[in-house]
Amino acid sequence: MQADPRAARTRARLRQALLEECADRPLAEVSVAALVRRAGVGRATFYVHYADLEALAVDACADVVREAVDALHAWRGTPDPAVPPPALEGFFDRLAPHAGLYRELLSPGGGGPLGRVLHQDLRARSLTERTLAGAPEPGLVASAVAATFAGVVADWLHGLIQAAPDAIALRVWRLLVNLHRTPLP
């Protein structure tokens, strides 16, 4: 069954309107009224698609989750810990325009509604790849990779880790490569 293109367009307009609203103010100060006015849809239409503003915000930021998962898996062969995939560096560069919104949805340590989505998606991808490769302890390592990445991204966004985007990409890459290489019984 194919999704209704009108519903997809409406959700896209709502996501874009939210990102525009959050460029001017924190999510906590955004009202549904201002959002639907900017999106050009009715209030009832908003509630057909989303339970609340947080649900819309997580959906609007879900692209960053998919981008992060893809960036971490954008290498082939044996990963070189000295050279992170360019997609990973690009990921950290692209966080800046909406960093405030990401900070609201991703609490220090990697929690919060966006942190849960990031952890779930990254763990699932890592688990699948480790299982297909026959690597030991796929569930354990997948959980460790997801928690490490979500925590580092969140702490970096909150200023708990000081580094330029290219430096944090390299540091997190080294951590994750080492997690994958850790010998397990």
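Engineer: Explanation requested: the pattern of salt bridges in the structure shown.
Structural biologist: Any two side chains of opposite charge can pair if their charged atoms end up close together. On inspection of all chains with the given rule, the structure shows 9 salt bridges. One salt-bridge network, held together by shared partners, links E20, E21, D24, R25 and R38.

Engineer: It is not clear to me how the layout of surface pockets should be interpreted in this structure. Could you clarify?
Structural biologist: Regions of empty space are outlined by a rolling probe, equal in size to a water molecule, passed over the atoms. When its volume is computed, the second largest pocket comes out at roughly 210 Å³. Together, A12, R15, Q16, L19, A60, D63, V64, E67, R94, H98 and Y102 line the second largest pocket.

Engineer: Would you take a moment to explain the side chain of R130 for this structure?
Structural biologist: Tracing the backbone through its elements, the reader meets R130 in helix α7 (residues 112-133). E137 provides the closest opposite charge to the buried, salt-bridge-free R130, at an N-O distance of 8.2 Å. Of note is the side chain of R130, whose polar atom sits 3.0 Å from the side chain of H180. Once you skip the residues sitting within four places of it in the chain, R130 turns out to touch A135, P136, E137, P138, V141, A142 and H180.

Engineer: Can you walk me through the environment of P113 in this structure?
Structural biologist: As for its position among the elements, P113 is in helix α7. Along the sequence, P113 and E54 sit 59 residues apart, while their C-alpha atoms lie 8.2 Å from each other. Apart from the residues lying within four places of it in its own chain, the contact partners of P113 are E54, V58 and L105.

Engineer: Sorry if this is basic, but what is going on with empty space enclosed by the protein here?
Structural biologist: Evaluated as defined, the whole model comprises 1 cavity of 30 Å³ or more. If you add up the space inside the largest cavity, you get close to 60 Å³. Contributing elements (two or more residues each) for the lining of the largest cavity: α4 (53-72), α7 and α8 (138-157). With 3 residues, α4 is the single largest residue contributor to the lining of the largest cavity.

Procedures and definitions
- Residues numbered from 1 in each chain as written.
- Predicted model: local features only at pLDDT ≥ 70, side-chain atom pairs only at ≥ 80, totals over all residues.
- Heavy atoms only, no water.
- Salt bridge = Lys/Arg side-chain N within 4 Å of Asp/Glu carboxyl O.
- 1 Å grid on protein atoms, 1.4 Å probe; cavity = no way out; pocket = protein on both sides within 12 Å on 5 of 7 lines; lining within 4 Å.
- Points joined across faces, edges and corners; volume = space filled by probe spheres on them.
- Helix = DSSP H or I, 4+ residues; strand = E, 2+ residues; numbered from the N terminus.
- Buried < 20%, exposed > 50% of the residue type's maximum accessible area, 1.4 Å probe, protein only.
- Lys, Arg positive; Asp, Glu negative; His and termini not counted.
- Polar contact = N/O pair within 3.5 Å; in protein donor to acceptor, adjacent residues only side chain to side chain.
- Contact = heavy atoms within 4.5 Å.

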